[in-house]
Amino acid sequence: MPKKIDDLFEVKYGVNLELNSLVLCNADDKNAVNFVSRTSKNNGVSAIVEKIAGIEPLPAGSLSVACGGSVLETFLQPKPYYSGRDLFYLVPKIEMTDEQKLFYCACIRANKYKYNYGRQANKTLKDIVVPDITELPDFVHKIEKPNYSNLSEPLNNETIKLDISNWKVFRYEELFDIERGRGPRKQDLENGVVPFITSTDTNNGLTAYTNYIPC
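Residues numbered from 1 in each chain as written. Predicted model: local features only at pLDDT ≥ 70, side-chain atom pairs only at ≥ 80, totals over all residues. Heavy atoms only, no water.

As summarised here, the arrangement of the 3 strands in space is 4-3-7, forming an open sheet in which the pairing is mixed. Of all strands in the sheet, those bounded by a partner on one side alone are strand 4 (45-50) and strand 7 (81-83). Taking each pair of neighbouring strands and ignoring which way they run, the sheet shows an average axis angle of 35°. Sheet analysis places strand 3 (residues 32-36) next to strand 7, joined by 3 bridges and oriented parallel. Counted as the bridge partner of N34 is Y81 from strand 7. (Pairing = 2+ DSSP bridges. Helix = DSSP H or I, 4+ residues; strand = E, 2+ residues; numbered from the N terminus. Axes fitted to C-alpha atoms, helices over the stretch in contact; angles between N-to-C directions.)

It is worth spelling out the packing of aromatic side chains at this point. A complete count under the given rule lists 5 aromatic pairs for this structure. Seen in terms of ring centroids, F9 and Y104 are 5.6 Å apart; in terms of plane orientation they differ by 85°. Their pairing is edge-to-face. With F9 in strand 2 (residues 9-13) and Y104 in helix 2 (residues 98-109), this pair connects stretches of sequence that are 95 residues apart. F9 gets classed as buried once you look at its relative accessible area, which sits at 1%. On the basis of relative accessible area, Y104 is assigned to the buried category, the value being 0%. Seen from their ring centres, F103 and Y104 are 6.3 Å apart, and the 70° between their planes marks the pair as edge-to-face. For the residue pair F103 and Y104, the accessibility class agrees, reading buried in each case. Joined through ring pairs, the aromatic side chains of F9, F103, Y104 and F139 make up one cluster. (Phe/Tyr/Trp six-rings, centres within 6.5 Å; stacked < 30°, edge-to-face > 60°. Buried < 20%, exposed > 50% of the residue type's maximum accessible area, 1.4 Å probe, protein only.)

Following the sequence through the fold, S62 ends up in the loop between strand 4 and strand 5 (63-66). Here P59 takes part through its backbone oxygen, which lies 2.7 Å from a polar atom of the side chain of S62. Looking at S62, its side chain comes within polar contact range of the side chain of Y81, at 2.8 Å. (Polar contact = N/O pair within 3.5 Å; in protein donor to acceptor, adjacent residues only side chain to side chain.)

Strand order in this open sheet of 4 strands is 2-8-5-6, and the pairing throughout is antiparallel. The open sheet terminates on both sides in strands that have one partner only, identified here as strand 2 and strand 6 (74-76). Geometrically, the sheet is characterised by an average inter-axis angle of 25° between neighbouring strands, direction not taken into account. Note: strand 5 against strand 6, 3 bridges, orientation antiparallel. The partner of S64 across the bridge, within strand 6, is F75.

One non-glycine residue with positive phi stands out, namely N42, at about 55°. Mapped onto the elements of the fold, N42 is located in the loop between strand 3 and strand 4. N42 sits in the exposed class, given a relative accessible area of 58%. Phi at L72 takes a positive value of approximately 70°, unusual for a residue other than glycine. Locating L72 in the fold gives a position in the loop between strand 5 and strand 6.

This is how it looks when you write it as structure tokens:
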């Protein structure tokens, strides 16, 4: 039976800090802590800052949820972190694996189409409906998390030499027919199966699936 977010998680508001009032530092500094904001990039981490005496970071293993800005961008935070404005965090009420938490991140993001910069999720986050933990697909329990420990290492150390002697300047219109996109606003559409592409710089431009049939 479907559940609401607050059936499975404690829904809490973050520490609500302003990045411009914090001190930036290196990740290997003794008092370093991640700063998570409403960005949709880099797992929500927009900076590394120094801890502030008397302000405890939010717990590792919780889900950060942007309820403004990039609404409903949701990430599993592997380390303790500070948070910026309009950012909530979810603490499971029952024991969950990281794989289960990541699945719930995807479930929450799937509701992004209901919101925009003018309509935030501060009041409605707790009421979003997700599957009960007993109803999760089998692949959630079988999938193996990728190992990203070597992300800083190049995939290929081979040096590539380019011959640019014959390169020349060109205009895009020489290669492509360029037309302005046309279509309705996302908030005027209902959920469906047709991809809805916007000017976002993430997810290949895809922000929702709608019921709009292209002409």
